[in-house]
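Examining the three-dimensional arrangement
Okay, here's what each chain looks like letter by letter:
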Amino acid sequence: MSVDAKALVGLGRGRAEEVSPLEAEVVELFDQLRDRLLRYVLTFGLAAADCEEVVQESFLALFRHLQLGRSRENLPGWLFRVGHNLALKKRRRYKWQSTEKPDLLMADPGPGPDRLFATNQTQSRLLSVVQALPERDRRCLELRVEGFRYRDIAEMLGMSLGAVSMSLARSLGRIARAAER
Amino acid sequence: MNEKNRAMAHLTDVELLAVADGELSPADAARAQQHLMACWSCRSRQREMEVAISNFVRSRNALKDGLRKSSRRVQWMAAVVGLSVALIVGFLAFQIWTDRPNSRAAALAVPNPTLTPGAAVFSSRGELCRESNVRNKSVPQNLEKKVFEEYGIAHASARAYEVDYLITPALGGADDIHNLWPQPYSNTVWNAKVKDSLEDHLRQMVCDGSLELATAQKEIAGNWIEAYKKYFGTDQPLK
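Quick summary incoming for the structure in this document. Since we're looking at a predicted model, the values are computed, not measured. (Residues numbered from 1 in each chain as written. Chains lettered and ligands numbered in written order. Predicted model: local features only at pLDDT ≥ 70, side-chain atom pairs only at ≥ 80, totals over all residues. Heavy atoms only, no water.)

Section: the overall build of chain B
Helix and strand counts for chain B stand at 10 helices and two strands. Written out in order from the N terminus, the α and β elements of chain B read α-α-α-α-α-α-α-α-β-β-α-α. Counting every position in chain B, which comprises 239 residues, the buried fraction comes to 39%. A sequence separation of at least 24 residues applies to 72% of the contacts in chain B between residues at least 6 apart. A total accessible area of about 13400 Å² is found for chain B, and carbon and sulfur atoms account for 55% of it. (Helix = DSSP H or I, 4+ residues; strand = E, 2+ residues; numbered from the N terminus. Buried < 20%, exposed > 50% of the residue type's maximum accessible area, 1.4 Å probe, protein only. Contact = heavy atoms within 4.5 Å. Areas by Shrake-Rupley, 256 points an atom, 1.4 Å probe, with all protein chains shown as cover.)

Encoded structure:
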């Protein structure tokens, strides 16, 4: 019934045909970083659909960031920082929502469906250790595995270099002990 | 600690990881490498750490493979396009809002009776009331265009209106140009929502037998605002 919706569809079609260089650039970054960012966001214990949304919003923010001609330095780091903050924001909203979804209230609902994919016992034990890590340690580990250097991680999480370094060593120690058991 | 002792001291876990990650200063890295060459114990600890890393990465990859591979490029492009379009439409809507005097919009809260006298298809009450899901029927696009032409609304300002049925299909209203008129979004008091509640009310009355269908159609086609006031016994739309 709405004329608006139809106007949108029409305009949408018109716009999609002409892709600006900026859009092309962001699409390229999207292809490079989308999976990595999604993997990272998934570690916040959000519903899959919300993770997708966070990823999408992050890339939109990146698009606007570049559109406004802001700093192009370390764009992956910038993108992950935005994704990180959006994921935290979304998770805070979970906590405000009704108690009808108790599984969503916890930041990390334990191994759960993850176990389905963990091929053996060591792996599932390892996953529970990772999920039980303090939030900061978990973030450090997840950012490191996505290829970020200590300096980037420190900047993203507002920690000192030494603290990042210690956090990573501590987490790996726990993971190693989990495998031994 | 003198230089010799420092070189002999075992490396901490932090140092072991940092040297593998290439995060030590060149001087510290050189010293650590020298120690590692001399110390089996530290080398084996470093190996254990590498094993922990591979285990972690492997378990993570197992999780990743379980993720559904959703489309990417298209989805994202759609979002960008959606955003741009929303901005454009918002801008246009704002312009239209500020350009149009309210008097014109108010005049259209009730349609022009010559252009939109109302038209109905259903004749029997039973037939109509059996029909479910008649609400929110969408107006055919070609008709929408004609309605705007008929009312002399330019293409650019068309976005400020919703083409609405005068007699709703829920009361037997027809897909006919005589039954359609452009209802302005800017009407904040007697708006489409208020009209919807009248339509629901009348349909209920028709279906439970307290009102003739023909009367309901006549009332709503005549002046729906007056009909609202009459059937709800109020001068203002109910909240």
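Thoughts on the state of the cysteines
Residues and elements named next belong to chain B. Taken as a whole and judged by the stated rule, the model has one disulfide over all chains. Cys129 shares a disulfide with Cys207; S-S distance 1.9 Å. Disulfide Cys129-Cys207: the torsion about the S-S bond is -95°, which places it as left-handed. Pair noted here: Cys129 is in helix H7 (residues 125–130) and Cys207 is in helix H9 (residues 192–207), with a separation of 78 residues, a long-range link. Note on Cys129: relative accessible area 26%, which makes it partly exposed. In this structure Cys39 is a free cysteine whose sulfur lies 3.7 Å from that of Cys42, the closest cysteine sulfur available. (Disulfide = S-S within 2.5 Å.)

With respect to the pattern of salt bridges
According to the stated counting rule, one finds 20 salt bridges over all chains in the structure shown. The residue Arg36 of chain A makes a salt bridge to Glu146 of chain A at a minimum N-O spacing of 3.4 Å. Taken together, the residues Arg36 of chain A in helix H2 (residues 21–42) and Glu146 of chain A in the loop between helix H8 (135–145) and helix H9 (150–157) connect sequence positions 110 residues apart. The partner of Glu226 of chain B in a salt bridge is Lys229 of chain B, with the nearest N and O atoms 3.7 Å apart. Of this pair, Glu226 of chain B and Lys229 of chain B both sit in helix H10 (residues 213–232), three residues apart, roughly one helical turn. The exposure class assigned to Lys229 of chain B is partly exposed, which follows from its relative accessible area of 23%. Connected through salt bridges with shared partners, the residues Arg36, Arg39, Arg138, Glu142 and Glu146 of chain A together with Arg60 of chain B form a single ionic network. (Salt bridge = Lys/Arg side-chain N within 4 Å of Asp/Glu carboxyl O.)

A short note on the environment of Leu33 of chain A
Residue and element names in this part refer to chain A. In this structure, Leu33 sits in helix H2. With 46 residues separating them along the chain, Leu33 and Leu79 place their C-alpha atoms 8.9 Å apart. Those residues in contact with Leu33, other than ones at most four positions away along the chain, are Phe59, Pro76 and Leu79.

Some thoughts on the nonpolar core
The nonpolar side chains of a soluble globular protein tend to be buried with one another. Core analysis: the largest hydrophobic core is formed by 63 residues, its most contacted members being Val41, Leu46, Phe59, Leu62, Leu141, Leu143 and Ile175 of chain A. With sequence-adjacent residues up to four places away left out, Val41 of chain A is seen in contact with Leu46, Cys51, Val54, Val55, Gly83 and Ala87 of chain A. In terms of nonpolar packing, the next biggest core, distinct from the first, is built from 34 residues, Ala160, Ile167, Ala216 and Tyr228 of chain B among them. (Core = buried A, V, L, I, M, F, W, Y, C linked by side-chain atoms within 4.5 Å.)

Quick notes on the environment of His10 of chain B
Residue and element names in this part refer to chain B. Assignment of secondary structure puts His10 in the loop between helix H1 (3–8) and helix H2 (13–20). Separated by 22 residues in the primary sequence, His10 and Ala32 place their C-alpha atoms 9.1 Å from one another. Once residues lying within four places of it in the same chain are set aside, the contact partners of His10 are Glu15, His35, Cys39, Ser41, Cys42 and Arg45. Here His35 takes part through its side chain, which lies 3.5 Å from a polar atom of the side chain of His10. (Polar contact = N/O pair within 3.5 Å; in protein donor to acceptor, adjacent residues only side chain to side chain.)

Re the pairing of strand E2 (residues 180–184) of chain B
All names here are of chain B. With five of five residues buried, E2 lies mostly within the body of the structure. By the bridge criterion, five bridges tie strand E1 (residues 161–165) to E2 in an arrangement that is antiparallel. Looking at the pairing, Tyr161 lines up with Pro184 of E2. (Pairing = 2+ DSSP bridges.)

What to know about the environment of Ser128 of chain A
Mapped onto the elements, Ser128 of chain A comes out in helix H7 (residues 121–131). For the pair Ser128 of chain A and Ile175 of chain A, spaced 47 residues apart in sequence, the C-alpha to C-alpha distance is 9.6 Å.

Some words on the packing of helix H3 (residues 48–67) of chain A against helix H4 (residues 75–96) of chain A
All names here are of chain A. At a minimum axis separation of 9 Å, H3 and H4 run at an interaxial angle of 135°. By the angle between their directions, the pair H3 and H4 is classed as oblique. Our pair here, H3 against H4, has a crossing hand that is right-handed. Packed against H3, whose contacting residues are Asp50, Glu53, Val54, Glu57, Ser58, Phe59, Ala61, Leu62, His65 and Leu66, the element H4 presents Leu75, Trp78, Leu79, Val82, Gly83, Leu86, Ala87, Lys90 and Tyr94 at the interface. Looking at the contact of H3 with H4 residue by residue, the class counts come to 12 nonpolar, three polar and four charged. (Axes fitted to C-alpha atoms, helices over the stretch in contact; angles between N-to-C directions. Parallel < 35°, antiparallel > 145°, perpendicular 65-115°, else oblique. Left-handed = near helix turned anticlockwise from the far one by under 90°. Nonpolar A, V, L, I, M, F, W, Y, C, P; charged D, E, K, R; others polar.)

So, a positive patch on the surface
All names here are of chain A. A cluster of basic side chains, namely Lys89, Arg92, Arg93 and Lys95, defines a positive patch on the protein surface. Along the chain, Arg92 falls in helix H4. Overall, the relative accessible area of 48% leaves Arg92 in the partly exposed class. (Patch = residues over 30% accessible without salt bridge, like charges linked within 9 Å, V, L, I, M, F, W, Y side chains within 5 Å. Lys, Arg positive; Asp, Glu negative; His and termini not counted. Charge placed at Lys NZ, Arg CZ, Asp CG, Glu CD.)

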